[in-house]
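Spelled out from the first residue to the last, the chains are:
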2 protein chains.
Amino acid sequence: MAALGVLDMASDRPVFQQIADQLRASISSGSIAAGERLPSEAVLMRHHGVARMTVRQALGVLKAEGLVVAEHGRGVFVRPRPVMRRLGSDRFARRHRRRGRAAFEADAKAAGQRPTVDQLHITRQRPPVDVAKVLGVGPDEEVLVRDRRYLLDGHPVELAVSYVPLDVAEGTPIRDPDSGPGGIYARMEDAGFTFRRFHEDVTARMPSPEETRRLDLPPGVPVLTLRRSAVEAGNRVLEVCDTVMAAHSFVLSYDLPAK
Amino acid sequence: MAALGVLDMASDRPVFQQIADQLRASISSGSIAAGERLPSEAVLMRHHGVARMTVRQALGVLKAEGLVVAEHGRGVFVRPRPVMRRLGSDRFARRHRRRGRAAFEADAKAAGQRPTVDQLHITRQRPPVDVAKVLGVGPDEEVLVRDRRYLLDGHPVELAVSYVPLDVAEGTPIRDPDSGPGGIYARMEDAGFTFRRFHEDVTARMPSPEETRRLDLPPGVPVLTLRRSAVEAGNRVLEVCDTVMAAHSFVLSYDLPAK
DNA sequence: CAGTGGTCTAGACCACGCG
DNA sequence: GCGTGGTCTAGACCACTGG
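Residues numbered from 1 in each chain as written. Chains lettered and ligands numbered in written order. Predicted model: local features only at pLDDT ≥ 70, side-chain atom pairs only at ≥ 80, totals over all residues. Heavy atoms only, no water.

Draft legend 1. Spotlight on the protein's contact with DNA strand C. Lining the immediate environment of DNA strand C, one finds 24 residues, of which V15, A51, T54 and R74 of chain A together with R52 of chain B sit closest. In DNA strand C, the atoms that sit within 4 Å of the protein are 65% sugar and phosphate, with bases accounting for the remainder. Contact distances for DNA strand C include 3.4 Å between a phosphate oxygen and a side-chain N or O atom of S40 of chain B. At the level of elements, α1 (15–28) and α3 (52–64) of chain A together with α3 (52–64), β1 (68–71) and β2 (75–78) of chain B are the ones that each hand at least two residues to the surface near DNA strand C. Of the residues that constitute the surface near DNA strand C, the class distribution is 9 nonpolar, 8 polar and 7 charged. (Near = heavy atom within 4 Å. Polar contact = N/O pair within 3.5 Å; in protein donor to acceptor, adjacent residues only side chain to side chain. Helix = DSSP H or I, 4+ residues; strand = E, 2+ residues; numbered from the N terminus. Nonpolar A, V, L, I, M, F, W, Y, C, P; charged D, E, K, R; others polar.)

Draft legend 2. Summary view of the packing of helix α2 (residues 41–48) of chain B against α3 of chain B. Residue and element names in this part refer to chain B. Where α2 contacts α3, the axes come no closer than 9 Å and their chain directions differ by 115°. Between α2 and α3 the crossing geometry is right-handed. For the pair α2 and α3, the contacting residues are E41, L44 and M45 in the first and R52, V55, R56 and L59 in the second. Its residues assigned to classes, the contact of α2 with α3 comprises 4 nonpolar, no polar and 3 charged. (Axes fitted to C-alpha atoms, helices over the stretch in contact; angles between N-to-C directions. Left-handed = near helix turned anticlockwise from the far one by under 90°. Contact = heavy atoms within 4.5 Å.)

Draft legend 3. Spatial organisation of the interface of chain A and chain B. Contact residues are listed per partner, giving 38 residues for chain A and 38 residues for chain B. Around 3300 Å² of area is buried between chain A and chain B when both sides are counted, 57% of it from carbon and sulfur atoms. Along the contact surface separating chain A from chain B lie 2 salt bridges. Where R197 of chain B meets D255 of chain A, a salt bridge forms, and the shortest distance between an N and an O atom there is 2.7 Å. (Buried area = accessible area lost by both parts, 1.4 Å probe. Salt bridge = Lys/Arg side-chain N within 4 Å of Asp/Glu carboxyl O.)

Draft legend 4. Representation of the protein's contact with DNA strand D in the model. As a matter of local geometry, DNA strand D sits amid 25 residues, with R52 of chain A together with V15, A51, T54 and R74 of chain B nearest to it. The sugar and phosphate moieties of DNA strand D supply 66% of its atoms located within 4 Å of the protein. Here a phosphate oxygen of DNA strand D and a side-chain polar atom of R56 of chain A are 3.1 Å apart. Within the contact set of DNA strand D, a base nitrogen lies 3.0 Å away from a backbone nitrogen or oxygen of G73 of chain A. For the surface near DNA strand D, the secondary structure elements donating two or more residues are α2 (41–48), α3, β1 (68–71) and β2 (75–78) of chain A together with α1 (15–28) and α3 of chain B. Per-class residue counts for the surface near DNA strand D are 10 nonpolar, 8 polar and 7 charged.

Draft legend 5. Local environment of the relation of the copies chain A and chain B. Between the two copies, chain A and chain B, the superposition gives an RMSD of 0.2 Å; the rotation angle is 179° and the shift along the axis is 0.0 Å. Here the two chains are linked by the operation of a two-fold rotation axis. Residue by residue, 100% of the interface of chain A is reproduced at the interface of chain B, so both copies engage with the same surface. (Least-squares fit on C-alpha atoms with pLDDT ≥ 70 in both.)

Draft legend 6. Geometry of the sheet that holds strand β8 (residues 223–232) of chain B. Pairing is mixed in the open sheet, where 8 strands are placed in the order β3(A)-β10(A)-β7(B)-β8(B)-β9(B)-β6(B)-β5(B)-β4(B). Here the strands that pair on one side only, and so sit at the sheet edges, are β3 (85–87) of chain A together with β4 (115–125) of chain B. When strand polarity is set aside, the average angle formed by the axes of neighbouring strands in this sheet is 20°. By the bridge criterion, 6 bridges tie strand β6 (residues 155–165) of chain B to strand β9 (residues 237–246) of chain B in an arrangement that is antiparallel. Paired with S162 of chain B across the bridge in β9 of chain B is C241 of chain B. (Pairing = 2+ DSSP bridges.)

This is the structure:
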């Protein structure tokens with residue numbers, strides 16, 4: 001088996017890296033398929049004649065790369081390729097809201113998955129300073145904060161926090177846990193607001209421990225972060241939404257007209 | 001110092017996690033500022049009365065999160081916040097090409113940085129199967145492949161591989177190392193092609209060892225991957241470009257019209 | 001040179017899963 | 001009960017940085 005090759009003791013490359021290299025090659029060549037178990041630590045120790053810590057260091061490299069996942073008492077497994085979810089750049093199209101579908105719901109339904117929301121908390125708080133700036137509210141002004149978690153088929157995939165100025169939220173059911181069909185954008189349109197455009201800033205980083213917990217992330221999976229601003233016809237920002245997604249569950253998809 | 005708190009031996013939380021937690025808190029509270037050195041392994045061992053491997057495991061957690069970087073012989077440092085580069089969704093606007101600027105060049109100049117390209121390889125190859133599908137070429141058909149690395153002020157920030165059908169490349173300088181002012185999109189327009197739109201799929205993951213090397217990535221930094229398809233008026237895909245970026249150096253920025 | 005992190009050994013006890 | 005990975009100890013030698 002390719003995963004159990006020989007070490008080059010003359011090489012400068014550390015032993016644990018050589019072991020990681022061989023295992024990685026076996027994974028990418030498919031000789032250890034997705035979902036399959038790697039040789040156990042004991043087997044790797046005996047085969048290469050090294051200490052356990054050395055083997056564990058090699059496995060640590062692969063975990064950090066997100067290639068494998070350890071399961072206590074069972075073994076170390078090649079991470080199965082997860083189902084990707086695609087966020088189309090038309091997911092904020094008015095027609096979805098007219099049909100009573102919020103963006104997340106529309107995407108999930110399109111992929112044949114069951115969308116749910118939990119950990120919903122609606123509060124009044126002072127937003128982070130950068131959010132206040134975008135919303136054009138004072139540094140000490142409170143806004144409506146909707147914090148929630150999205151799940152697909154029961155698995156958490158996305159955290160989102162929306163910030164809405166109080167005067168925009170006023171007189172709408174945005175403050176209610178159930179914002180109704182089409183989501184809060186639909187409610188804003190009901191109240192007479194018109195959206196001109198949405199702006200999204202995308203970046204990626206490793207998750208915080210709290211994000212790891214709430215998204216049930218395996219080690220080695222980064223998060224995609226997305227900050228969306230919903231801009232009104234008069235160029236006022238009606239909402240800022242900070243989203244954190246498990247990167248292995250998402251593809252963000254954008255169309256850019258060649259103007 | 002907050003970084004040198006006390007351990008709760010009664011806690012279920014492993015000792016190395018507790019040490020990592022305390023250091024993380026010190027970093028995010030700013031009591032150890034960006035660029036500053038953490039207490040050395042020896043200090044942490046003495047203070048907490050634990051073995052070296054335990055301290056190293058704690059530091060390993062923070063490295064994996066991308067919060068700190070170890071420098072051999074010097075110490076472990078809080079990772080300084082890197083300069084972010086913003087890719088706007090108008091970066092493929094025709095006006096840039098008319099002014100002789102390719103997308104990367106236009107972005108870099110706007111940020112006051114010096115853009116360069118190296119490791120440029122132009123070959124004819126069979127593309128990956130998924131690329132062939134998008135380009136609408138046969139599975140065994142060769143295409144023109146432009147592989148290159150982009151640098152800002154001498155630091156590598158982005159890897160890109162373009163795939164262009166041979167008949168599109170024919171009669172254009174796309175096959176030359178220097179594609180001329182405005183980049184290969186400008187050359188395609190010179191040859192009479194018209195772009196209707198660009199499509200981008202964005203995702204994130206941990207880098208491969210080769211990407212780590214070519215982008216000179218510190219540990220714990222994920223990559224953003226972007227696959228762009230350039231679509232002609234007749235809906236033919238003229239080019240597929242796979243881009244890999246160091247996530248801590250980029251913000252991708254998109255405008256979505258609220259149609 | 002002393003101090004730092006990088007690698008590696010050879011053990012120990014524990015918690016989990018599965019039969 | 002046995003094999004698995006998770007945590008931890010107490011050392012060792014090395015390579016790099018800086019004064």
